[in-house]
Amino acid sequence: MKIHEYQGKELFRNAGVPVPDGYPAFSVDEALDAFQKLDADRVVVKAQIHAGGRGKGGGVKIANGIEEVEQHANEILGMNLVTHQTGPEGQKVQRLLIETASDIERELYAGIVLDRSCGKFVFMVSTEGGVEIEKVAAETPEKIVKEWITPNGDLKTHQARTLALALELTGTQVKNAVKTFLSLWKVFKLYDCSLMEINPLVVTKSDEVIALDSKINFDDNALFRHKDIQEMRDLAEEEPLEVEADSYNLNYIKLDGDVGCMVNGAGLAMGTMDIIKLHGGEPANFLDVGGIANAETVAHGFKIILSDPNVKSILINIFGGIVRCDRVAQGVIDALSQIEVIIPIVIRLEGTNAKAASELLQDSEHDFIVAGSLAHAAQLVVQAAKQEN
Ligand code: GDP
Ligand code: MN
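Model, not experiment: these values are computed from the prediction.

Engineer: Help me understand the environment of Ala164, please; the structure alone is not making it clear to me.
Structural biologist: Examined against the element boundaries, Ala164 turns out to sit in helix α5 (residues 157-166). What makes Ala164 buried here is its relative accessible area of 0%. Considered as a pair, Ala164 and Glu142 are 22 residues apart in the sequence and their alpha carbons are 16 Å apart. Setting aside anything within four residues of it in sequence, one finds Ala164 in contact with Leu169, Val174, Ala177, Val178 and Phe181.

Right, dumping it as structure tokens:
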């Protein structure tokens, strides 16, 4: 799960990470109120969406005085903000952050992520803040300095100092950076974060080291421990189909291809996507219908898959281990009496009662393409999608 910048900064503030004073605003009036409360000469009007690159896209504007706050708030609220992270369709801005403008001396970068290659967290900093860190990583990786943290350990003070010195900070700046880094790690650990990015981390003219931006992702599997974080969820920022799937307890992730997939089990779902690609197709989604593939879950699955207009054919790939294939086949047949599917459906069922399942499908009134092997199924479904295009 992700949260907005202003919510992340609230967590930072509570943990002692210096951030500018600011208030969220859901309307132009609230933006003006925020400006009055801040009592500052210069403020920043910032679009709040779950994507970076807002500055370049025109979603971050400095305002000198209340007229400019009104003007920028009017422009940014409701705009369709397109950044390199939103994709070409963009994201509608429904919230703003109004905060006191900072006097920036240097723009740096700080981030914490899980380093899967060694099973540790990695705290990264770079002098190249404010720009796309992916570019720095690709072109000048030596400009990113890293310190690793064991999952049940902590960022040590000496590590924080090493990072601060790598940023070429001096005097009180070092002391302030060490405090900021230790507090950032505290937030990361306390809330079971999976990613945290502060770009830019800013050194002010008065030597403070403050978080001028905040990007936080949480480990969904740990969210049950954090009711306060769950309440920050903004469904308007999430893929609507994924939100709907979530309400049916289906594990769905939308992708860009045209072959819909309905599979039981996450591993098999991944394998199914791989084999579709191997046969020259592009999966339209990941969908794990879970252990109980009955008529209801299958019908919900169809509904979600078909809501994506790109889908040209569907592959149902079920392995009957605990779940019996004939039950699933009956589920598919029943679901099709509730939902009209006009694109080709390829089915591959293997495991317990696979033969009975195959007979059920062949005897039904629907035109399934029943495949013998997984490779055959992938070939057929990719072919079917190509014919529909
Ligand atoms: P992003 O583009 O989505 O990553 O949004 P950021 O919050 O990082 O803002 C983009 C850029 O706006 C920053 O890199 C800064 O250069 C600039 N910016 C943001 N806040 C301030 C501020 O308080 N003062 C000044 N001078 N520039 C700011
Ligand atoms: Mn940023």
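Engineer: Honestly, the site of ligand 1 in this entry has me stumped. Any pointers?
Structural biologist: Around ligand 1, 16 residues are found, and the nearest of them are Lys46, Arg54, Gly55, Ser102 and Glu107. Lys46 places a polar side-chain atom, nitrogen or oxygen, 2.5 Å from an oxygen atom of ligand 1. At 3.1 Å from an oxygen atom of ligand 1 is found a side-chain nitrogen or oxygen belonging to Asp213. In isolation ligand 1 offers 560 Å² of accessible surface; the protein chains occlude 81% of this area. With respect to the pocket detection grid, ligand 1 is positioned in the second largest pocket. Of all the elements in the fold, those that place two or more residues in the shell around ligand 1 are β2 (42-47), β3 (60-64), β7 (104-115) and β10 (193-204).

Engineer: I tried to follow unusual backbone geometry on my own but got confused; where do I start?
Structural biologist: Excluding glycine, residues mostly have negative phi values, and the peptide bonds linking residues are mostly trans. A cis amide bond, omega 10 degrees, links Asn199 with the succeeding residue Pro200. At Asp39, a position not held by glycine, the phi torsion is positive, near 55 degrees. Tracing the sequence through the fold places Asp39 in the loop between α2 (28-38) and β2. Since its relative accessible area comes to 70%, Asp39 is described here as exposed. Backbone geometry at Asn249 places phi at a positive 65 degrees, although glycine is not the residue there. Here Asn249 is to be found in the loop between α8 (240-247) and β13 (251-254).

Engineer: Can you walk me through the side chain of Asp213 in this structure?
Structural biologist: Relative to the elements of secondary structure, Asp213 occurs in the loop between β11 (209-211) and β12 (215-218). Given a relative accessible area of 10%, Asp213 falls into the buried group. At 3.0 Å, the side chain of Asp213 and the side chain of Arg54 are in polar contact. Beyond its immediate chain neighbours, meaning those up to four positions away, Asp213 contacts Glu5, Lys9, Phe12, Arg54, Glu197, Ile198, Asn199 and Pro200.

Engineer: Just to check I follow, could you spell out the nonpolar core for this structure?
Structural biologist: Across soluble globular proteins, nonpolar side chains have a tendency to be buried as a group. Counting residues in each nonpolar core, the largest one holds 41 residues, and the members touching the most others are Leu11, Phe12, Phe123, Phe181, Met196 and Phe218. Of all elements in the fold, only α1 (5-15), β7, β8 (120-126), α5, α6 (172-190), β10, β11 and β12 reach the threshold of two or more residues within this core. Sorting elements by how many residues they give to this core places α6 first, with 8 residues. When sequence neighbours within four positions are dropped, the list of residues in contact with Met196 reads Phe12, Ala110, Gly111, Ile112, Leu184, Val187, Phe188, Lys215 and Ile216. Ala284, Phe302, Cys325 and Leu361 belong to the second largest nonpolar core, which has 35 residues in total.

Engineer: What am I meant to see in a negative patch on the surface here?
Structural biologist: A grouping of Asp29, Glu30, Asp33, Glu67 and Glu70 is seen on the molecular surface, where their side chains present a negatively charged patch. Where the negative patch is concerned, the elements lending two or more residues are α2 and α3 (66-76). The leading source of residues in the negative patch is α2, at 3 residues. Overall, the relative accessible area of 59% leaves Glu67 in the exposed class.

Engineer: How should the environment of Glu132 be read in this particular structure?
Structural biologist: Summarising the element assignment, Glu132 is placed in the loop between β8 and α4 (133-139). Overall, the relative accessible area of 26% leaves Glu132 in the partly exposed class. Sequence separation between Glu132 and Ile229 is 97 residues, and the spatial gap between their C-alpha atoms is 27 Å. Contact partners of Glu132, with chain neighbours within four places excluded, come to Lys56 and His84. Of note is the side chain of Glu132, whose polar atom sits 3.2 Å from the side chain of Lys56.

Engineer: Looking at this model, I keep getting lost on the environment of Leu108. Mind explaining?
Structural biologist: Secondary-structure assignment places Leu108 in strand β7. Considered as a pair, Leu108 and Val202 are 94 residues apart in the sequence and their alpha carbons are 5.8 Å apart. The contact partners of Leu108, leaving out residues within four places of it in the chain, are Ser126, Thr127, Gly129, Gly130, Leu167, Leu169, Ile198, Asn199, Pro200, Leu201 and Val203.

Engineer: Please explain the packing of aromatic side chains as it appears in this structure.
Structural biologist: Aromatic ring pairs: the centre-centre distance and the angle between the two ring planes describe each pair. Overall, the coordinates contain 4 aromatic pairs when judged by the stated rule. Taken together, a centroid distance of 5.1 Å and an interplanar angle of 75 degrees make the contact between Phe121 and Phe188 edge-to-face. Remark: Phe188 occurs in helix α6 and Phe121 occurs in strand β8; sequence separation between them is 67 residues. We classify Phe188 as buried; its relative accessible area is 1%. Members of the aromatic cluster, connected to one another through ring pairs, are Phe121, Trp185 and Phe188.

Engineer: What should I look at first to understand α1 in this one?
Structural biologist: Because each turn of an α-helix spans 3.6 residues, side chains separated by three or four positions end up pointing in the same direction. Within α1, 8 of the 11 residues are buried, leaving the element largely enclosed by the surrounding structure. Gly16, located one to two residues past α1, shows a positive phi value of around 90 degrees.

Engineer: Would you take a moment to explain the layout of surface pockets for this structure?
Structural biologist: In this structure, the second largest pocket spans a volume of roughly 780 Å³. Together, 30 residues line the second largest pocket, and Gly55, Gly130, Asn199, Pro200 and Asp213 are the ones closest to its centre. Of all elements in the fold, only β2, β3, β6 (96-100), β7, α4 and β10 reach the threshold of two or more residues within the lining of the second largest pocket.

The rules we used
Residues numbered from 1 in each chain as written. Chains lettered and ligands numbered in written order. Predicted model: local features only at pLDDT ≥ 70, side-chain atom pairs only at ≥ 80, totals over all residues. Heavy atoms only, no water. Helix = DSSP H or I, 4+ residues; strand = E, 2+ residues; numbered from the N terminus. Buried < 20%, exposed > 50% of the residue type's maximum accessible area, 1.4 Å probe, protein only. Contact = heavy atoms within 4.5 Å. Near = heavy atom within 4 Å. Polar contact = N/O pair within 3.5 Å; in protein donor to acceptor, adjacent residues only side chain to side chain. Areas by Shrake-Rupley, 256 points an atom, 1.4 Å probe, with all protein chains shown as cover. 1 Å grid on protein atoms, 1.4 Å probe; cavity = no way out; pocket = protein on both sides within 12 Å on 5 of 7 lines; lining within 4 Å. Sits in = over half its atoms within 2 Å of the grid points. Core = buried A, V, L, I, M, F, W, Y, C linked by side-chain atoms within 4.5 Å. Patch = residues over 30% accessible without salt bridge, like charges linked within 9 Å, V, L, I, M, F, W, Y side chains within 5 Å. Salt bridge = Lys/Arg side-chain N within 4 Å of Asp/Glu carboxyl O. Lys, Arg positive; Asp, Glu negative; His and termini not counted. Charge placed at Lys NZ, Arg CZ, Asp CG, Glu CD. Phe/Tyr/Trp six-rings, centres within 6.5 Å; stacked < 30°, edge-to-face > 60°. Points joined across faces, edges and corners; volume = space filled by probe spheres on them.

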